[in-house]
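Chain by chain, the residues run as shown.
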Amino acid sequence: MQRTTKIVFWNGFRDAIPFILVIVPFGTLFGVVGTEAGWDIYQVMAATFLVIAGASQFTAVALWAENTPLFFILLTSLAVNLRMAMYSAALVPHFGKAPLGLRAFLAYAIVDQNFALGIKKFEEEPDLIWQEKVAYFLGMFVFISPLWYSSTLLGAIFGRAIPENYALDFAVPILFIALIAPLLRSLPNLVAALVSVLLALLLNSVPYSLGLIIAAGFAMIAGAQTELFLKRRGAGDV
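Notes on the structure follow. All values reported here derive from a predicted model rather than from experimental measurement.

**Here we look at the nonpolar core**
Counting residues in each nonpolar core, the largest one holds 41 residues, and the members touching the most others are Phe 30, Leu 91 and Phe 137. Elements supplying a minimum of two residues to this core: helix H1 (2-16), helix H2 (20-36), helix H3 (41-51), helix H4 (54-65), helix H6 (82-95), helix H7 (100-109), helix H8 (112-124) and helix H9 (130-158). For this core, the leading source of residues is H9, giving 12 residues. Those residues in contact with Phe 30, other than ones at most four positions away along the chain, are Trp 39, Val 44, Ala 47, Thr 48, Gln 57, Phe 58, Val 61, Trp 148 and Thr 152.

**Description of the environment of Ala 156**
As for its placement among the helices and strands, Ala 156 is situated in helix H9. Counting along the chain gives 129 residues from Ala 156 to Gly 27, while the straight-line C-alpha distance between them is 9.4 Å. Apart from residues lying up to four places away in sequence, Ala 156 is in contact with Gly 31, Val 32, Thr 35, Ile 41 and Val 44.

**Side note on the environment of Ile 129**
Relative to the elements of secondary structure, Ile 129 occurs in the loop between H8 and H9. Judged by its relative accessible area of 32%, Ile 129 falls in the partly exposed class. Residues Ile 129 and Lys 97, 32 residues apart in the sequence, show an inter-C-alpha distance of 9.8 Å.

**Some remarks on the packing of H2 against H3**
At a minimum axis separation of 9 Å, H2 and H3 run at an interaxial angle of 135°. When the axis of H2 is compared with that of H3, the two are oblique. The chirality of how H2 crosses H3 is right-handed. When H2 is examined against H3, the residues Phe 30, Gly 31, Gly 34 and Thr 35 are found in contact with a partner set consisting of Val 44, Ala 47 and Thr 48. Counted by class, the contact of H2 with H3 contains 3 nonpolar, 4 polar and no charged residues.

**Quick word on a nonpolar patch on the surface**
A cluster of nonpolar side chains, Ile 41, Leu 153, Leu 154, Ile 157 and Phe 158, forms an exposed patch at the surface whose accessible area comes to about 430 Å². No other element matches H9, which puts 4 residues into the nonpolar patch. Its place among the elements puts Ile 157 in helix H9. With relative accessibility at 44%, the residue Ile 157 sits in the partly exposed group.

Parameters and conventions
- Residues numbered from 1 in each chain as written.
- Predicted model: local features only at pLDDT ≥ 70, side-chain atom pairs only at ≥ 80, totals over all residues.
- Heavy atoms only, no water.
- Core = buried A, V, L, I, M, F, W, Y, C linked by side-chain atoms within 4.5 Å.
- Buried < 20%, exposed > 50% of the residue type's maximum accessible area, 1.4 Å probe, protein only.
- Helix = DSSP H or I, 4+ residues; strand = E, 2+ residues; numbered from the N terminus.
- Contact = heavy atoms within 4.5 Å.
- Axes fitted to C-alpha atoms, helices over the stretch in contact; angles between N-to-C directions.
- Parallel < 35°, antiparallel > 145°, perpendicular 65-115°, else oblique.
- Left-handed = near helix turned anticlockwise from the far one by under 90°.
- Nonpolar A, V, L, I, M, F, W, Y, C, P; charged D, E, K, R; others polar.
- Patch = residues over 30% accessible without salt bridge, like charges linked within 9 Å, V, L, I, M, F, W, Y side chains within 5 Å.
- Areas by Shrake-Rupley, 256 points an atom, 1.4 Å probe, with all protein chains shown as cover.
- Salt bridge = Lys/Arg side-chain N within 4 Å of Asp/Glu carboxyl O.

As structure tokens, this is what we get:
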């Protein structure tokens, strides 16, 4: 058992290596943006260690730079991070048997990259026991998290020395496209993605980025209703 979990752990570590191509510029960009918004290095790194979710961190910094009231910064950042709650719910069948303390750490360790890879791995290899699933998940996190912390620190320290023509912001859309695209294999997921994109664009002018909250809420409803419709149709109720 110990040998098997060790192998699976290093498989997770290895599978996360390609993300270096986007995590380094993504983290560096946050370090740059954070310091340019007026945060010192300690504040930038505190956000990185405590939140460890790039999308909500960028949202918070952008709203902070616009002198948005703290309540709306927290509310919008929470809305952006609601996907983590959905990730957690999706992982319950895989990690539910783990001890409480380990599950608490796994909740902190959830990031977009290891969730996407983990779910794919668990679907492809349903015979994995929970200890092996945890080992694989932690293997990815052990590679991803130090990379995120260190690249953010480098951006915060040396960001002003990076030439403007080195457009690090390319990493943000590429990262989320790479993560989301493989998951768009079902109609509910496609409907949710389409609704979120359309509403986010239509509500772009809503103050304090509250359009994101509205778009996320309607996207989840649309995806859930589509899934219920398909289940009723399959059962012959429609």
